[in-house]
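Descriptive structure summary
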Amino acid sequence: MELFLQQVLSGVANGAIYASVALAIVMIYQAIHHLNFAQGEMAMFSTFIAWQLMQWGMPFWAALPVTVALSFAGGVAIERIVMKPIEHAPVLTHVVVFIALFTILNSAAGFIWDFTIKPFPTPFGTAPVLGNGLLSAHQAGMIAVVLVMLVLLYLFFRYTNTGLAMRAAAANPASARLVGIRVGWTTALGWGMASAIGSVAGMLIAPVVFLEPNMMLTILLYGFAGAVLGGLTSPAGAVLGGFIVGVVENLAGTYIPVVGPELKLPIALVLIVAVLVVKPSGLLGRRTVQRV
Amino acid sequence: AQTAPGVTDTEIKIGNINPYSGPASAYGVIGKTIGAYFAKINAEGGVNGRKINYISYDDGYSPPKAVEQARKLVESDEVAIVFQPLGTPSNSAIQKYMNSKQVPQLFVATGATKWNDPKNFPWTMGWQPNYQTEGKIYGKYIADNLPNGKVGVIFQNDDYGKDLLKGLKDGLGAKAASMIIAEVPYEVSVPTIDSQIVQLKGSGADILVTIATPKFAAQVIRKVAELGWKPTHFLNNVAISVGAVIKPAGPENAKDILSTAYLKDATDPADKESPAFKEWEAFMDKYYPDGNKLDGSTVFGYAAAQTMVQVLKQAGKDLSRANIMKEAANLKNFEIGVLVDGIKVNTSPSDFAPIEQLQMQKFDGERWHRFGPVMSGESS
Amino acid sequence: MSVNEDIKYDAKLDGILDAATGAGTGKSRSLGSVVTLCLLAVAVVLPFVAQGFVVFQLTMVMVYGIAIMGLNILTGFNGQFSLGHSAFFAIGAYTAAILMESFGVSYVWTLPAAGLTAFVAGFLFGLPALRLEPIYLALATFALAVAMPQFLKLTPFEHWTGGVQGIVILKPDAPFGLPLSQDQWLYLFTLGVGFGLYLAARNIIASRTGRAIQAIRDNPIAARAMGINLSLYKTLTFGVSAFYTGVAGALSAIVVQFVAPDSYTLVLAVAFLVGMVIGGVGWLPGSLIGGAFILFVPNIAEGVSKGLSGAVYGIILLLIIYIAPSGVGGLLHKTADYFARRRK
Amino acid sequence: MGRANGAAHPPLLEVKSVAVRFGGIVALAGVSFDLPRGQILGLIGPNGAGKTTLFNCLSRLYQPSAGDILFEGASILARPAHRIAEIGIGRTFQNVALFDRLTVLQNVMIGAHARGRSDYLSDALGLPSVTARDAELRQDAIKLLADLGLAAETHLPVDGFPFGTRKRVELARALMGRPKLILLDEPAGGLNHDELGDLARLIRHIRDERGVTVLLVEHHMSLVMSISDTVVVLNFGEKIAEGSPAEVQANPQVIQAYLGAPA
Amino acid sequence: MSAVLEVKRLKAYYGAIEVLHGIDFKLPVGGVATLLGANGAGKTTTLRALCGMVRASGDIVFEGRAIGGRSTEEIARLGVAHVPEGRGTFTSLTVEENLRLGAITRKDRRAVAGDIERCFSYFPILKRRLQQQAGLLSGGEQQMLAVARALMLRPRMMLLDEPSFGLAPLVVRELFQILAAINRAEKVSMLIVEQNASLALELADEAYLLETGNIVLSGPAKAISADESVRQSYLGY
Ligand SMILES: Nc1ncnc2c1ncn2[C@@H]1O[C@H](COP(=O)(O)OP(=O)(O)OP(=O)(O)O)[C@@H](O)[C@H]1O
Ligand SMILES: Nc1ncnc2c1ncn2[C@@H]1O[C@H](COP(=O)(O)OP(=O)(O)OP(=O)(O)O)[C@@H](O)[C@H]1O
Ligand SMILES: [Mg+2]
Ligand SMILES: [Mg+2]
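Residues numbered from 1 in each chain as written. Chains lettered and ligands numbered in written order. Predicted model: local features only at pLDDT ≥ 70, side-chain atom pairs only at ≥ 80, totals over all residues. Heavy atoms only, no water.

So, the coordination of the magnesium ion (ligand 3)
Residue and element names in this part refer to chain D. As a reminder of what qualifies: Only nitrogen, oxygen and sulfur atoms qualify as donors, provided they sit within 2.8 Å of the metal or within 3.2 Å for Na, K and Ca; with water excluded from the atoms, sites may seem incomplete. Helix and strand assignments follow DSSP, with helices taken as H or I runs no shorter than four residues and strands as E runs no shorter than two, numbered in order from the N terminus. Only protein chains enter the calculation, and the probe is 1.4 Å; a residue is then buried if its accessible area is under 20% of its type maximum, exposed if over 50%, and partly exposed in between.
Bound to the magnesium ion (ligand 3) on the protein side are T52 (OG1) and Q94 (OE1), at distances that span 1.9 to 2.1 Å. One end of the pair, T52, is in helix α1 (residues 51–58); the other, Q94, is in the loop between β6 (89–91) and α2 (104–110), and 42 residues separate them in sequence. For the pair shown, T52 and Q94 are each scored as buried.

What follows is the structure, encoded as structure tokens:
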């Protein structure tokens, strides 16, 4: 029982990591109707920027907003400079551009900051808040920040005209232009927001896994899994999905004896695919039906 | 011997394969350090009047790419030898090719045990102490000093982890089965190993053996501290860098950790003052100024390159592949300044394991202190 | 119908496809055949003029080309997205390696066996994939790619798979005492297999089956109303696609002489995808161009800068995409279009 | 062919109390009618009355919650959607559902999918039997396209054509399956007065020369009333009238719900 | 009356193919013009060209401003509402969101709710489907939604591409009454492309006849519908 609780809690803590990435994924999905494979590397790069700012002597609470702002600008810039020229190209071409961005960011970060791991400070401290270090202050803080981001995103998409315009532009750009939506800018805004959310996610994650250019490599996969499990159209679903992935993965690794930790990732993924087969648009996602 | 492949009157071509891109790119530093060291040798006039033409390719840690690069080095660049190709999978992939082509695959950068097999693979030789040796040393130490301990192991689920684990069990001997109460593997694809540590703590172990690469080792050290768990902690040698592991994990969390060493530590004040490190420091400043001095890989590459140069020196005029291999198998008490005092490089036609000794060490919260005798897997 | 879709390059690819595969009008058919024959003749001569190592590289280009062709059948023609083809490549490679090492089967017979094993795996994977929307399928296949190396490492199968160590294979010599080096023979062998597979793929695309799978891609609801069994064709296409990639995997095992879990990671799956897009989605000959891209461009990038090789690679990729947003196939089509109009 | 010996020859199509609901929306509330072989039946009704929904039931894209549909005396409800074409029911779509990246010819050939027999392997090997059959189909399709005035478009990609042309390609595609019953959903959308006349002649021609029974949904009254043998009127998912064009046009309920007072 | 829209030498292209060969026409302030012509004549292309949706050349002046070369969204923001061919429904969004999108560039947010109510009074069915995914509406219902969405902009000029497409006869008549009423009450200028020529001519002041990318006939709508020979040879009724 003790072990069970511990594994659940540690799963929740990991889940917060996945959830924060999943939020960024949902954000970009709403803006471009696609998964951005470079999302993780963008977050990693942002986190390095924050680290660099602190190395130059900036205090954490100053580096944070500066980084978020820079990341937002960076996201907008990537959309305007890299994506704009191929906006009419087929979807798969976009995927390849994401991959190009991925390798560029990863390699550039390695070149500038090298590949050794670096500690990243947490604003919440590491004191245990629950049990015997089962949940540290940082992890609790991370969960709180994720929930706050979730509420903000939910409100944004649900109640603001900009959120509506963004969804419309992603769903049907031609019609969106006809009603006067500046599709180029909503898309860029979406990239900016996704990049900003990603930078927050990166700064939450780095204290846990240490900062290095490859830190998001596998986390991104879990983030995808969480977002997809919860439903790509639903921020709440993404967060829920992230937590579920974290917990299920731990429990599968601990309690499915033959499997053991070796296969915990495949098991978690198989579970997700199984859920999707039953509920094709994720747990909380809205199903869009086609008719003729 | 003037007609030996890759060798002219003025130069010798040495090939190398390293993961400059991809998931293992952190190790690319080794390939770069070697290049820098050869540049230094060239600047100082080369070896026996020959300059070293060092050609290093990226395999992204992918075995098929390693095969392609190895073939390119051998068939297109026509190098004399391939030196320090990195990674067990990549070296496994090219081993048969190198041996059938009779091209030295010299001083490979991996600690797997299988490189010491002169009968079947006379053209392949390891360099660093192999993982089994290291594991045996921990096993012996535990069996001798903590005979009533309950051992929990976290290990990376690949051949490196399994090799080291096997050594540990051998070292524990007959007691292995009863003493090891939990073995928990982790995959390199996991973001954190928190769950594994929770599990190990839950098992009731009071000895923790961590067989993990730097990033995960740092996570282990920190998580153990966070959980308030106080086992006797053994940390494998690949993760002892103070700069790249202990500092990020928090030096206070690493107090009393036990490990082994064969290279001195650039961050250790005492080691730093040694003439060998002064030399190293000068080398880094001059030939590899962007290199991170806190990164132990730079010391590793520096030492490996010195071994290579020694072999070339010994080979003298005859730089045929066979002679290079012969001399590589004829290193006698060769000393490298950055190796732990007392550890010497020794090879023979039946012993293709150049470095076989390690010394135990303990972290005091600031730096490592080596203690006890220099040990090999067999002795001590 | 949405407006502003006059820029839909990949749609137009079918035109070139017709020309290149001879499915179009009579004139382009004969032209296409002549071009194909010329290229084939050059391909046969190459191993006798190139260095052994270059021959090896060219063999790998064809191997990757075959794998990408498999992916192209699935994605380009059937509209099913896959980021997991490294898994089928691995299945083919391991089938070949295990058959050769543990059972002493001749390398020639491992190819059909590898293809069939991959076919079954692909078919089975296609079943749940039926229920998944494209973006979710992307994730499922992504997961497959990530999970495959893990499965290959599993202890219970270690006896056959060699666990993390993998399996080392012996390279076959040329048969019938032909005076060919191993490299040359494997090159020609791969060329033969690849060309046969290419002809078969070309036949499929131009046939009733090919039209059916493309109909599913363009409008599944209408395809159903035309009497096309979606589940059957989609799962079969998954299987056939996996077959191609599995055969390529087997060839790679034989050529590289080594299989190990680390050879078949997500990176390989991504490389296939990149190769397909660079060559031209839905254009079979483009697969070979894609194969060349994934083999050679990383080397070029590395040559430019070791420290920034990833960045250089990414930038080269971006540049190619800007010049040819729909791959080389799209570019060829646009050029052909331009000259056709000039003639008028 | 007629109603005289109706007992021996059941109607080609019998729709029996078909009901469909989507959540709270009742799209069809128990609609019944028969369509005898060789007739043209006009199905009209206000927007959202359930006409297309009924078509979708006939092609098994929707599952009725109640009722039955008999074709040549046998229920089709046990058949999956992809096995409707083979029994001889073809259709066009209200909003045009073509295969946009294929040429007109390829689109039309796909219409004959259910008539063909081939599998992956024989197609991959290019067996002479399948290639010969394919060549035959190709000739059929080319001829059909020429008949429908689409000869010039045959080898061009299908997207980019004006709506009317696309509608005609769809019609050709449906005819390529040699259906016994064809379901036309607003075939006159976007046609002008002249073109309407051509379409009327074409539909009659299809019925008379090819012996195809026609179920027609249309809002152009001039077309419906001029070619239909019978007209069925739906409103809110219920049948409110059935009869000859003249009868229906005079029906006050129909006028009130659909036609409006004559201008 | 000055012109709200003045078009000179308008050419339009799909890829390299020229579809409009230089047409001229005018729309007076508060006026209604109709563009007639056979299938493929270029009517839709003309409307697209006015909105910057296809490559075009020539002068387009809207309310004294040259808008040729401007982006579609900027033109919409000037108060031009377009009911496009094919309806342009946001199929994955709800009916309500579609309507809100029609007014998304308006500054007077308060009035939007009232305007949604007004659309319901025109097309009651939309109210019953408010939270439904718009792509599930029937064809005719989506057509109503397209018109309603255009009205939500409170436009100064409307471009209507076959607004009666797929609508029941009764609704078609109501629709034209609504358009006439809005035109009168709010002085919204309209350019209507319509296959139902007699209906369009009834509403319009001016008519232009398009044939393969050229205007072959223009004049007051009354005159054209009165001219027996024109009707027979061009409009076929
Ligand atoms: N898949 C669906 N989900 C929810 N509602 C649907 C679905 N399909 C149809 N409806 C609803 O059912 C009703 C009937 O739709 P249908 O398309 O059959 O109308 P119709 O008679 O063809 O109208 P129109 O003349 O406008 O084409 C409509 O109100 C529509 O909103
Ligand atoms: N997306 C496109 N790509 C290429 N050509 C096009 C495209 N859209 C239209 N065309 C061509 O432009 C010409 C004019 O088309 P347009 O749609 O403007 O005609 P229309 O008068 O609106 O006809 P309809 O009555 O069918 O709507 C046609 O010949 C058509 O083939
Ligand atoms: Mg309908
Ligand atoms: Mg039109």
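Next comes the rest of the write-up.
Examining the sheet that holds strand β4 (residues 55–62) of chain E
All names here are of chain E. The cut-off we apply is this: When DSSP finds two or more bridges between two strands, those strands count as paired. Throughout, a contact is declared for two residues whenever any of their heavy atoms are within 4.5 Å. Axis definition: a line fit to C-alpha positions, over the contact stretch in the case of helices; interaxial angles, taken between N-to-C directions, run 0 to 180 degrees.
With antiparallel pairing, 4 strands are arranged side by side in an open sheet as β2-β1-β4-β5. Of all strands in the sheet, those with a lone pairing partner are β2 (17–28) and β5 (65–66), marking the two edges. Sheet analysis places strand β1 (residues 3–14) next to β4, joined by 7 bridges and oriented antiparallel. Paired with Y13 across the strands is R55, a residue of β4. This element, helix α1 (residues 43–50), spans β1, β2 and β4 of the sheet and lies at about 110 degrees to β1.

A few points about the side chain of N106 of chain A
As for its position among the elements, N106 of chain A is in helix α4 (residues 91–113). With near-sequence residues (within four places) excluded, N106 of chain A lies in contact with E41, M44, F115, P213 and N214 of chain A.

Side note on the interface of chain C and chain A
Which entries qualify depends on this criterion: When two components associate, each loses some accessible surface as probed by a 1.4 Å sphere; the sum of these losses over both components is called the buried area. Definition used for salt bridges: Asp or Glu carboxyl oxygen within 4 Å of a side-chain nitrogen of Lys or Arg. Polar contact criterion, stated in full: a pair of N or O atoms within 3.5 Å, where within protein one must be able to donate a hydrogen and the other to accept it, and residues adjacent in sequence count only if both atoms are side-chain atoms.
Chain C puts 43 residues into the contact, and the matching count from chain A is 47 residues. Between chain C and chain A the total buried area reaches about 3,900 Å² when both faces are included, carbon and sulfur atoms providing 80% of it. By the criterion of area lost to chain A, the three top residues of chain C are I135, Y136 and L139 of chain C, representing 17% of everything that side buries. The tally of links from chain C across to chain A stands at 0 salt bridges. Applying the counting criterion to the chain C and chain A interface returns 5 residue pairs in polar contact (both at pLDDT 80 or more). Those elements giving two or more residues to the side of chain C that touches chain A turn out to be α6 (134–153), α12 (266–279) and α14 (309–323) of chain C.

Some words on the arrangement of the chains
For the 8 pairs of chains in contact, the maximum contact count is reached by chains A and C. Chain B makes no contact with chain D; the smallest distance between any of their C-alpha atoms is 31 Å. For the non-touching pair chain B and chain E, the nearest C-alpha separation works out to 36 Å.

Describing the packing of aromatic side chains
Threshold: Only Phe, Tyr and Trp rings take part, Trp by its six-membered ring, and two of them pair if their centres are within 6.5 Å. Stacked means planes under 30 degrees apart, edge-to-face means over 60, and tilted covers everything else.
With the rule as written, the count across this model stands at 43 aromatic pairs over all chains. Look at F156 of chain A and F157 of chain A: their rings are 5.1 Å apart centre to centre, the planes differ by 70 degrees, and that puts the pair in the edge-to-face class. Ring plane angle 75 degrees and centroid distance 5.1 Å describe the contact between F22 of chain D and Y62 of chain D, whose orientation is recorded as edge-to-face. Taken as a pair, F22 of chain D in strand β1 (residues 13–22) and Y62 of chain D in the loop between α1 and β4 (66–71) lie far apart in primary sequence, 40 residues in all. Assessed through its relative accessible area of 35%, F22 of chain D is described here as partly exposed.

A short note on the environment of Y186 of chain B
All names here are of chain B. Mapping Y186 onto the fold places it in strand β6 (residues 180–186). The class for Y186 is buried, based on a relative accessible area of 1%. Remark: the alpha-carbon pair of Y186 and M360, spanning 174 residues in sequence, is separated by 25 Å. The residues contacting Y186, other than those within four sequence positions of it, are I154, F155, Q156, N157, I193, Q196, I211, A212, T213 and F216. Of note is the side chain of Y186, whose polar atom sits 2.6 Å from the side chain of Q156. A polar side-chain atom of Y186 sits 3.4 Å from the main-chain amide nitrogen of T213.

Here we look at the site of ligand 1
Stated formally: Note on terminology: near, applied to a residue and a molecule or strand, indicates that one of the residue's heavy atoms is within 4 Å of it. Note on residue categories: nonpolar means Ala, Val, Leu, Ile, Met, Phe, Trp, Tyr, Cys or Pro, charged means Asp, Glu, Lys or Arg, and polar means any other residue, Gly included.
The full set close to ligand 1 counts 22 residues, and R291 of chain A, K51, T52 and T53 of chain D together with S138 of chain E are the nearest of them. The contact in question runs from an oxygen atom of ligand 1 to an N or O atom on the side chain of Q94 of chain D, over 2.8 Å. Its residues assigned to classes, the shell around ligand 1 shows 6 nonpolar, 11 polar and 5 charged.

Thoughts on the pattern of salt bridges
Going through the model one piece at a time under the given rule, you end up with 52 salt bridges over all chains. Close ionic contact of K118 of chain A with D114 of chain A constitutes a salt bridge, the shortest N to O distance being 3.4 Å. Under the relative-accessibility criterion, K118 of chain A is labelled buried at 9%. Residue class for D114 of chain A comes out partly exposed when judged on its relative accessible area of 21%. Between E63 of chain E and R156 of chain E there is a salt bridge; the shortest N-O distance is 2.8 Å. Taken as a pair, E63 of chain E in the loop between β4 and β5 and R156 of chain E in the loop between α6 (139–152) and β7 (157–161) lie far apart in primary sequence, 93 residues in all. When its relative accessible area of 31% is taken as the criterion, E63 of chain E is described as partly exposed.

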